[in-house]
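# Coordinates in review
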Amino acid sequence: MLTGLTRFGNLYDAAVTRFGGRARPGAARDALWLTVVDRARVADGVIALRLGGPGLPAWQPGCHVDLHLPSGLRRQYSLCGDPADDTYRIAVREVGAGSREVQALRVGDRIQVRGPRNAFPFAGIGPVLFVAGGIGITAVLPMVHAAARAGLDWRLVYCGRSTAAMPFLEELPIGRVDVRIGRGTPLLADASPHGAVYCCGPASMLAQVRAEFSSRWLHFERFSPPPIVGGRPFTVELRRSGVSLDVPADRSALDVIRDFRPAVAYSCRQGFCGTCDVGGVRICVDRPSGDRLVLEEL
C-alpha cells in the first residue's frame, strides 16, 4: 500500500511529465561546445549570455546547464529564455571567481556545456504563486511565462534591493506581478492554501516562505545551504587525493574541502542546492553517522 508521501510524489511526477518536463534531474548529458552569440547587461552586476550551437537538446522551465570553464571551475546556471528559442540564455550575477570568468566571455567565444538538467521542475498546476529574490528570477521567469501561456491562476512576488539590480523586469507579464524593493511581509498573502508555491532566493527568503506556507506543494531552490545547527566535528577523507581534513562543528565538509581545493563544484550562490553532490553525499549539509566521512571521488 502506498504511503501518503509516495502517492504525492507519484502525482507530482505525473503532473511534471504531462506539462512537458522531467520529474527527476537525471544524469548530465554529453558535453556540448556552444558559442556565445549575444551578450547584454540586464541589471546592475548581471550579464545575460545567449549560447548557440547545432542540435541543442530541448528543455523545460526549471532546467539548468553546467558550464565547464577554461580555468577548470564548473558552475550551474538556470536557463531563463524561451524553451522554443534556438539558443540557451543564462544570466550571471558577479558573486565570485566563476561568475567573473563567465561574465568575461564575449560574442564568438566557445564554452563547454553539459545539460540541460531539471532539479526544479514546474508541474504546471494552479493556482500557483512564484516568489523570486534577485537573481532567483532566472529560475522562475520561464515558469511564469509557462503559467501565463497555460491560462493558470498565477501570481509573482519579485523582491530586490533596487529596480536597477533586478533583471528582466521588462519581460514580466503585466498585471499579476508584485515588485518589491526590500522584502516586506508577508510574502505569501496571495497564496492559495491548496495551491503551489515556487521560490528561488536567499536562505532568509526561503525560511520566511517555509514559515508562511505549510502545503506539500512548496518547491524551492536555495542560494546557500541551510545553517548548521547542533553540529559536531568529524574528519572527511578524500580517498583519491589521499588527504584527511578536520571539519569543525560549525562548518560543512564543503567549506573545508574548498579551503583545500577551491575548484570543487558547487553553485549555492546561484540558486542550486545539490550540485555539490559527491557520490551521493551532499557535502554542504550531509554529515556522517560516525566520526569519519569518506569521499571516494575526491
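### Some thoughts on the sheet that holds strand β5 (residues 87-93)
Across the sheet, six strands lie side by side as β4-β3-β6-β1-β2-β5; this open sheet has antiparallel pairing. Whereas interior strands pair on both sides, the edge strands pair on one side only; in this sheet they are β4 (74-78) and β5. Pairwise comparison of adjacent strand axes, ignoring direction, gives a mean angle of 40° for this sheet. Of the pairings in the sheet, the one linking strand β3 (residues 63-68) to strand β6 (residues 110-118) comprises five bridges and is antiparallel in character. Opposite D66, over in β6, you have R114 as the bridge partner.

### Notes on the confidence of the model for the protein
Considering every residue of the protein, the mean pLDDT works out to 82; 78% of them sit at 70 or more. Of all secondary-structure elements in the protein, the lowest mean pLDDT belongs to helix α1 (residues 4-18), at 44, while strand β2 (residues 46-52) reaches the highest, 98. The model gives residues 1-12 a pLDDT under 50, and that stretch makes eleven contacts with residues more than four places away or in other chains. Residue range residues 21-28 is modelled with pLDDT below 50. Its contacts to residues more than four positions away, or to other chains, number 18 contacts.

### Comments concerning the nonpolar core
In terms of nonpolar packing, the biggest core is built from 31 residues, with F122, F130, I137, L156 and Y198 touching the most fellow members. Put simply, the parts of the chain that give this core at least two residues each are β2, β7 (128-133), α3 (137-150), β8 (154-160) and β10 (196-201). When residues of this core are assigned to their parent elements, the largest contribution, eight residues, is made by α3. Judged by nonpolar contacts, the second largest core, of 21 residues, contains V36, Y77, Y88 and V92.

### Section: the side chain of E237
Tracing the backbone through its elements, the reader meets E237 in strand β12 (residues 234-238). Among the polar contacts listed, one links the side chain of E237 to the side chain of R292, at a separation of 3.1 Å. Contact partners of E237, with chain neighbours within four places excluded, come to V243, S244, R292, L293, V294 and L295.

### As for the environment of R114
Following the sequence through the fold, R114 ends up in strand β6. Here R114 falls in the partly exposed class, since its relative accessible area comes to 28%. As a C-alpha pair, R114 and L34 span 80 residues in sequence and 10.0 Å in three-dimensional space.

### Describing the pairing of strand β1 (residues 32-43)
One face of the sheet, then the other: side chains in a regular strand alternate in exactly this way. Where β1 lies against β6, four bridges are found, and the strand directions are antiparallel. The partner of W33 across the bridge, within β6, is Q112. In this sheet, β2 lies alongside β1 in antiparallel orientation, the contact comprising seven bridges. By the bridge assignment, A43 is partnered in β2 with V46.

### Looking at the pattern of salt bridges
Pairs can form between side chains of opposite charge whenever their charged atoms are close. Taken as a whole and judged by the stated rule, the model has ten salt bridges. For the salt bridge of E237 with R239, the shortest nitrogen-to-oxygen distance reads 2.8 Å. By relative accessible area, which is 40% here, R239 ends up partly exposed. Taken together, the shared-partner salt bridges connect D66, R74 and R117 into one network.

### So, the packing of aromatic side chains
Across all of its chains, the model carries four aromatic pairs by this definition. Summarising the aromatic geometry, the rings of F122 and F130 are spaced 5.7 Å apart at their centres and angled 55° between planes, so their arrangement reads as tilted. Each of the two residues, F122 as well as F130, counts as buried. Pairwise contacts between aromatic rings join F120, F122, F130 and Y198 into one cluster.

### Examining the environment of S99
The topology assignment puts S99 in helix α2 (residues 97-103). We classify S99 as buried; its relative accessible area is 3%. Spatially, the C-alpha atoms of S99 and L69 are 10.0 Å apart, while their sequence positions differ by 30 residues.

### Here's the deal with the sheet that holds β12
Read from one edge to the other, the open sheet built from three strands follows the order β13-β12-β16, with strand pairing classed as mixed. The open sheet has two edge strands with one neighbour each: β13 (243-247) and β16 (292-295). When the angles between neighbouring strand axes are averaged without regard to direction, this sheet yields 20°. Note that β12 and β16 share four bridges and pair parallel. Considered in β16, the bridge of V236 is made with L293.

Cut-offs applied
- Residues numbered from 1 in each chain as written.
- Predicted model: local features only at pLDDT ≥ 70, side-chain atom pairs only at ≥ 80, totals over all residues.
- Heavy atoms only, no water.
- Pairing = 2+ DSSP bridges.
- Helix = DSSP H or I, 4+ residues; strand = E, 2+ residues; numbered from the N terminus.
- Axes fitted to C-alpha atoms, helices over the stretch in contact; angles between N-to-C directions.
- pLDDT = per-residue confidence, 0-100.
- Contact = heavy atoms within 4.5 Å.
- Core = buried A, V, L, I, M, F, W, Y, C linked by side-chain atoms within 4.5 Å.
- Buried < 20%, exposed > 50% of the residue type's maximum accessible area, 1.4 Å probe, protein only.
- Polar contact = N/O pair within 3.5 Å; in protein donor to acceptor, adjacent residues only side chain to side chain.
- Salt bridge = Lys/Arg side-chain N within 4 Å of Asp/Glu carboxyl O.
- Phe/Tyr/Trp six-rings, centres within 6.5 Å; stacked < 30°, edge-to-face > 60°.

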